Amino acid sequence: MLLTNAQIVTLQRDDDFGLIADGAIALDGDRIGWVGSAGDVPDVYRTHKIRDLGGRLVTPALIDCHSHIVFGGNRASEFELRLNGASYEEVARAGGGIVSTVTATRAASTETLLADALTRVDAMIAEGVTMIEVKSGYGLDCDTELKMLRVARQIARVRPVDIKTSFLGAHAIPAEYMGKADAYIDDVCIPTLRAAHAEGLVDAVDGFCEGIAFDATQIARVFDVAVELGLPVKLHAEQLSNIGGARLAAKYGALSADHVEYVTLADAQAMGAASVIAVVLPGAFYTLRETQVPPIQAFRDNGVAMALATDCNPGSSPLVSPLLAMNMGCTLFHMTPLEALLGVTAHAAAALGETDRGRIVTGARADLCVWHAGHPAELSYRIGFNPLHSRIFRGSI
Ligand SMILES: O=C(O)CC[C@@H]1NC(=O)NC1=O
Ligand SMILES: [Fe+3]
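Residues numbered from 1 in each chain as written. Chains lettered and ligands numbered in written order. Predicted model: local features only at pLDDT ≥ 70, side-chain atom pairs only at ≥ 80, totals over all residues. Heavy atoms only, no water.

Spelled out, the test is: UniProt positions are given in the numbering used here, feature names are shortened, and annotations may be inferred rather than shown by experiment.
Looking at an unreviewed UniProt entry, one finds the protein named Imidazolonepropionase, with Litoreibacter meonggei as its source organism. You can read under Function (unreviewed entry) in the UniProt record for the protein the words "Catalyzes the hydrolytic cleavage of the carbon-nitrogen bond in imidazolone-5-propanoate to yield N-formimidoyl-L-glutamate. It is the third step in the universal histidine degradation pathway." Under the heading Subcellular location (unreviewed entry), UniProt records this for the protein: "Cytoplasm".

1. Remarks on the overall build of the protein
Put simply, the test is: Each helix corresponds to a stretch of at least 4 residues labelled H or I by DSSP, and each strand to a stretch of at least 2 residues labelled E; elements are numbered beginning at the N terminus. Each radius of gyration reported is based on C-alpha atoms, and the globular scaling rule is 2.2 Å times the count of residues to the power 0.38. Only protein chains enter the accessibility calculation, which uses a 1.4 Å probe; a residue is then buried when its area is under 20% of its type maximum, exposed when over 50%, and partly exposed in between. Computed by Shrake-Rupley with a 1.4 Å probe, the accessible areas treat only the displayed protein chains as cover when residues are assessed.
Looking only at helices and strands, the protein has 16 helices and 15 strands in total. For 397 residues, the compact-globule estimate of 2.2 N^0.38 gives 21 Å, and the protein sits close to it at 21 Å. Along the first, second and third principal axes, the C-alpha set of the protein runs to 70 × 45 × 45 Å. Counting the 397 residues in the protein, one finds 60% classified as buried. Counting only carbon and sulfur atoms, one obtains 53% of the accessible surface of the protein, whose full area is about 14,300 Å².

2. Quick notes on the sheet that holds strand S10 (residues 234–237)
Quick note on the threshold: For two strands to pair, DSSP has to find at least two bridges joining them. A fitted line through C-alpha atoms represents every axis, and for helices the fit uses only the stretch in contact; the resulting angles, taken between N-to-C directions, go from 0 to 180 degrees. Note on contacts: a residue pair qualifies if any of its non-hydrogen atoms lie within 4.5 Å across the two residues.
What the eight strands build is an open sheet, ordered S6-S7-S8-S9-S10-S11-S12-S13; its pairing is parallel. Edge positions in the sheet fall to strand S6 (62–64) and strand S13 (306–308), since each has one partner strand and no second. This sheet shows a mean twist of 25 degrees between the axes of neighbouring strands, independent of strand direction. Two strands pair when backbone bridges link them, and S10 and strand S11 (residues 256–259) are joined in this way by four bridges, in the parallel orientation. Counted as the bridge partner of histidine 236 is aspartate 258 from S11. Across the sheet, helix H8 (residues 216–228) touches strand S8 (162–170), strand S9 (204–209) and S10, and the angle it forms with S9 is around 175 degrees. Contacting S6, strand S7 (129–135), strand S12 (277–280) and S13, helix H13 (residues 322–333) runs over the sheet at an angle of about 130 degrees to S13.

3. What to know about the coordination of the iron ion (ligand 2)
Heads up, the rule is: Metal donors were taken as nitrogen, oxygen and sulfur atoms no farther than 2.8 Å from the ion, or 3.2 Å where the ion is Na, K or Ca. Water is excluded, so coordination may look unfinished. Under the classification used here, a metal with four donors is tetrahedral if each angle lies between 85 and 135 degrees, square planar if opposite donors are over 155 degrees apart and the others between 65 and 115, a six-donor metal meeting that same test is octahedral, and anything else is irregular.
The protein atoms that coordinate the iron ion (ligand 2) are His66 (NE2), His68 (NE2), His236 (NE2) and Asp311 (OD), at distances spanning 2.1 to 2.3 Å. Considering all four donor atoms around the iron ion (ligand 2), the spread of angles at the metal, 83 to 168 degrees, places the coordination shape in the irregular class. Between consecutive donors of the iron ion (ligand 2), the numbers of intervening residues give the motif H-x1-H-x167-H-x74-D. With a gap of 243 residues between them, histidine 68 in the loop between S6 and helix H2 (76–83) and aspartate 311 in the loop between S13 and H13 connect regions that are remote in the sequence. Its relative accessible area of 1% is what places aspartate 311 among the buried residues.

4. Remarks on the nonpolar core
Definition in use: Residues belong to a common nonpolar core when they are buried Ala, Val, Leu, Ile, Met, Phe, Trp, Tyr or Cys residues joined through side-chain atoms within 4.5 Å. An automatic or database domain assignment provides the domain bounds reported here.
Counting 107 residues, the largest nonpolar core has Ile155, Val205 and Met271 as its most contacted members. Among the elements that make up this core, the one with the highest residue count is helix H7 (residues 181–198) (eight residues). In terms of domain composition, this core takes at least three residues from each of domain 1 (2–60 + 359–392) and domain 2 (62–351). Apart from residues lying up to four places away in sequence, isoleucine 155 is in contact with Ile69, Val70, Leu114, Ala117, Leu118, Val121, Val161 and Ile163. Judged by nonpolar contacts, the second largest core, of 16 residues, contains Leu3, Ile360, Ala366 and Val370.

5. A few points about the domain arrangement of the protein
Let me state the cut-off plainly: As a working definition, buried area equals the accessible area (1.4 Å probe) given up by two parts on being put together, with both sides summed.
For the protein, the assigned domains are domain 1 (2–60 + 359–392) and domain 2 (62–351). Of note, the centres of domain 1 and domain 2, computed from C-alpha atoms alone, are 30 Å apart. The interface of domain 1 with domain 2 comprises 28 residues on the first partner and 22 residues on the second. Roughly 1,800 Å² of surface becomes buried between domain 1 and domain 2 when both sides are summed, with 63% attributable to carbon and sulfur atoms.

6. Focus: the site of ligand 1
Note the threshold: Residues are counted as near a molecule or strand when any one of their heavy atoms sits within 4 Å of it. Counted as a polar contact is a pair of N or O atoms within 3.5 Å, where, for protein atoms, one must be capable of donating a hydrogen and the other of accepting one, and residues adjacent in sequence contribute only when both atoms are in side chains. For this classification, the nonpolar set comprises Ala, Val, Leu, Ile, Met, Phe, Trp, Tyr, Cys and Pro, the charged set comprises Asp, Glu, Lys and Arg, and every other residue, Gly included, is treated as polar.
Within the structure, ligand 1 sits among 14 residues, and Arg75, Tyr88, Tyr138, His171 and Ser316 are positioned closest to it. Residue histidine 171 places a side-chain N or O atom 2.8 Å away from a nitrogen atom belonging to ligand 1. Between an oxygen atom of ligand 1 and a side-chain N or O atom of aspartate 311, the distance comes to 3.4 Å. For ligand 1, whose accessible area on its own is 320 Å², the fraction buried by protein is 100%. Partitioned by chemical class, the residues of the shell around ligand 1 number four nonpolar, eight polar and two charged.

7. Observations concerning the state of the cysteines
The following threshold applies: Cysteine sulfur atoms that come within 2.5 Å of each other are treated as a disulfide pair.
For the structure shown, the criterion picks out zero disulfides. The structure places no disulfide on cysteine 65, whose sulfur is separated from the nearest cysteine sulfur, that of cysteine 312, by 13 Å. Taking relative accessible area as the criterion, cysteine 65 reaches 0% and is therefore assigned buried. With no disulfide partner, cysteine 369 has as its closest neighbouring cysteine sulfur the one in cysteine 65, 15 Å distant. Accessibility expressed as a relative area gives 0% for cysteine 369, which makes it buried.

Now the structure itself:
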């Protein structure tokens, strides 16, 4: 198929939108066969079936590179506690927070977890998402962590979306191991990682490096097993404080360090040197009413590519909209509209170790979005509005 009469946002480089005003894209199966000005379409594609896009904007499809989209229950009751002044840490230390979602997730059936997750997946697909990263981390025991990852894999079997999984056994310390974090890492987290990997359920290994979770030494023990298993790593780092997570991510050549509000200049330099993507998560910053913004300029100055994601989870970021995340990234973190769009396309792909998507170039996956919009900045400018006209997944509209 030949898509014609389109304004194409190629994102072929990171320094501009790469706009082609009157452009055409030739689809070869699930790949982009050719992209360029309508007047230059190669003869071989001129006989293909034509789809006139009516002058609409075309971008790479959206990728949500950081989500906890599989979980049981919800945390609406905690929302009111925090509105009345309880901090995220206070709620967590009082047994709420992640641990309360663990209870609900352990109790939920596979069917219920899948049905609930699909409501959120469908909302993302409706905004033009074609790949979602899904973390475990609400089981904190072997059976439930495996249950979560199996549900994550099942999503891609029942919806037109690609799923990448991240094992997040080092997300929180379960009640039965309270005060025994090292024992939890050794007796539950690492054996569960091995079991999940053996079942083909793990694409990457993540951790929560924070005062209310695990320190860098404990995370390093999990990362050493990831390295042994040949799995890439990523890390929730410097969200609420700086305890060395970003430096650990750089040391392990992590795909990404995520949240990164408290990253220092030295951390940013280390991340740049190690090509660690900074994944910014404005939904959590907004929900927790944080005040420390990530060092966006330091990332720019040190060549740290920035991705942007929803961090969709029931507690710190009950956000399902990548478009709203883009608006928050610009308004709250002062990212540019170009950085926001790169953050949910090319840089999100890189944060997941994907090299064949996120930009409109020959040979890339034919995952595209067609928008009712005249300029790419409209995608991050609007608040709570979805201008998607159509989504193309693996070359099919
Ligand atoms: O509150 C939750 O349920 C998840 C919080 C989420 N997990 C994490 O490591 N950081 C976060 O913001
Ligand atoms: Fe997260």
